[in-house]
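Chain by chain, the residues run as shown.
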Amino acid sequence: MTEHAARGPRLSVQLYSVRDQLAADLDGTLARLAALGIDAVEPYTVFDRPDELAAALARHGLAAPTAHAPLLSDEIEYQGHLVPLPPPAITFAAVRAVGAHVVFDPMTSPQRWRTPADVAATAARLNAAAETAAGFGLRVGHHNHSFEFHQRFDDVSAYEYFVSLLDESVLLEVDLYWAALAGQDLPALLQRLGSRVHAVHVKDGSVVADPFVSAASYDAALLGQRPVGAGELGVAAALDVAGNVPLHVIEFDHAADPLTAIGESVRYLRERAMP
């Protein structure tokens with residue numbers, strides 16, 4: 001049994017939470033994260049100076065066991081423009097460069113979750129990515145938002161239909177906040193998904209309307225996210241079920257003071273794990 005298995009899930013931080021701080025001071029921000037007592041982070045991009053990021057992580061005793069990178073799209077929208085994405089081989093080489101072993105596709109268009117045929121096509125593409133990634137010694141997975149749960153096919157959510165089509169090697173990263181906003185019973189969802197769940201994004205906040213129901217985008221400042229344990233989304237009950245999930249990743253889509261909010265979340269999760 002590893003040290004992390006003995007003391008519970010490993011804590012990580014999604015670096016998107018501190019994107020502005022990283023842009024201003026890479027080393028200083030990583031030093032502050034390390035000082036919180038965590039030893040893992042999850043890069044939100046592997047294309048921005050992966051070698052430099054890997055070196056900075058090593059300097060501060062941090063690892064990146066997982067990373068986010070687009071696997072299911074040929075292009076993404078950036079600052080109002082469509083930007084073509086590199087081929088999978090380049091993506092997986094960058095993932096290896098930052099030291100990650102698992103790469104999660106972070107988001108696909110809500111329009112790709114409306115029909116069984118669209119969902120099946122997305123699953124097939126992720127299965128193909130898994131086969132390519134294996135040649136690089138990597139595994140792939142999917143990270144959800146809320147819109148994957150909006151449609152139901154034969155009384156099964158589009159998300160769980162998608163999961164049923166995935167190869168057994170494909171992993172899941174369940175974002176508890178977005179699943180809750182979609183109306184999911186978090187403990188029941190995690191129980192149904194079982195060992196497919198490799199990581200959870202541990203987020204908390206106010207009960208607000210799901211922004212993806214009526215809009216294609218959202219203002220993250222209006223989401224009302226709070227430190228883990230200080231919100232209203234029933235995260236504690238979900239964490240009771242997620243005790244065997246290897247990685248718990250703290251993330252804030254928006255926080256006025258993200259490093260303080262991350263620190264409060266780490267404290268809550270550490271105290272909760274104490275016998």
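Residues numbered from 1 in each chain as written. Predicted model: local features only at pLDDT ≥ 70, side-chain atom pairs only at ≥ 80, totals over all residues. Heavy atoms only, no water.

Chemist: Give a detailed account of the environment of arginine 112, specifying residues and quantitative values.
Modeler: Turning to its location among the elements, arginine 112 is positioned in the loop between strand S6 (102-105) and helix H6 (116-134). Arginine 112 sits 33 residues away from histidine 145 along the chain, and the two C-alpha atoms are 13 Å apart. Contacts of arginine 112, omitting those with residues within four sequence positions, involve Leu72, Ser73, Asp118, Val119 and Thr122. Of note is the side chain of arginine 112, whose polar atom sits 2.7 Å from the backbone oxygen of leucine 72. (Helix = DSSP H or I, 4+ residues; strand = E, 2+ residues; numbered from the N terminus. Contact = heavy atoms within 4.5 Å. Polar contact = N/O pair within 3.5 Å; in protein donor to acceptor, adjacent residues only side chain to side chain.)

Chemist: Outline the pairing of S6, supporting the account with residue identities and numerical values.
Modeler: Burial along S6 is two-sided: the residues Val102 and Phe104 and Val103 and Asp105 are all buried. Here 3 bridges tie strand S3 (residues 66-68) to S6, and the two strands are oriented parallel to one another. The partner of alanine 67 across the bridge, within S6, is valine 103. Both S6 and strand S7 (residues 139-143) contribute to a ladder of 4 bridges, which runs parallel. Bridging from a neighbouring strand, phenylalanine 104 pairs with glycine 141 of S7. In this fold, S6 hands off to H6, which returns the chain to S7; that crossover is right-handed. (Buried < 20%, exposed > 50% of the residue type's maximum accessible area, 1.4 Å probe, protein only. Pairing = 2+ DSSP bridges. Right-handed = clockwise from strand over helix to strand, strands pointing away.)

Chemist: Tell me about the environment of alanine 120, and please be specific about residues and values.
Modeler: Note on placement: alanine 120 falls in helix H6. For alanine 120, a relative accessible area of 29% gives the class partly exposed. As for alanine 120 and phenylalanine 162, which are separated by 42 residues in sequence, their C-alpha atoms are 6.6 Å apart. Excluding residues within four positions of it along the chain, alanine 120 makes contact with Tyr161 and Leu165.

Chemist: Which residues make up the sheet that holds S7, and what values go with them?
Modeler: Ordered by their spatial adjacency, 8 strands build an open sheet running S2-S1-S14-S11-S10-S7-S6-S3, and the pairing between neighbours is parallel. The two strands at the open ends of the sheet, each matched to only one other strand, are strand S2 (41-42) and S3. Looking at chain direction, strand S1 (residues 10-14) and strand S14 (residues 247-250) are connected through 4 bridges and run parallel. In the strand pairing of S14, leucine 11 is matched with histidine 248.

Chemist: Tell me about the packing of aromatic side chains, and please be specific about residues and values.
Modeler: All told, the structure shown has 8 aromatic pairs when counted by the stated rule. Between tyrosine 16 and tyrosine 44, the ring centres sit 5.5 Å apart and the planes meet at 80°, which makes this aromatic pair edge-to-face. With a gap of 28 residues between them, tyrosine 16 in the loop between S1 and helix H2 (19-24) and tyrosine 44 in the loop between S2 and helix H4 (50-59) connect regions that are remote in the sequence. Here tyrosine 44 falls in the partly exposed class, since its relative accessible area comes to 34%. Ring geometry for phenylalanine 147 versus phenylalanine 212: centroids 5.1 Å apart, planes at 80°, classification edge-to-face. With phenylalanine 147 in the loop between S7 and strand S8 (152-153) and phenylalanine 212 in helix H10 (residues 211-214), this residue pair connects regions lying 65 residues apart in the sequence. Here phenylalanine 147 falls in the buried class, since its relative accessible area comes to 3%. On the basis of relative accessible area, phenylalanine 212 is assigned to the buried category, the value being 6%. Feature note: the residues Phe147, Tyr177, Trp178 and Phe212 constitute an aromatic cluster, connected by ring pairs. (Phe/Tyr/Trp six-rings, centres within 6.5 Å; stacked < 30°, edge-to-face > 60°.)

Chemist: Tell me about the confidence of the model for the protein, and name the residues and values.
Modeler: In this model, the protein carries an average pLDDT of 93, and 95% of its residues clear a pLDDT of 70 or more. In this model, residues 1-6 is a region of pLDDT below 50 whose contacts with residues beyond four sequence positions or in other chains number 4 contacts. (pLDDT = per-residue confidence, 0-100.)

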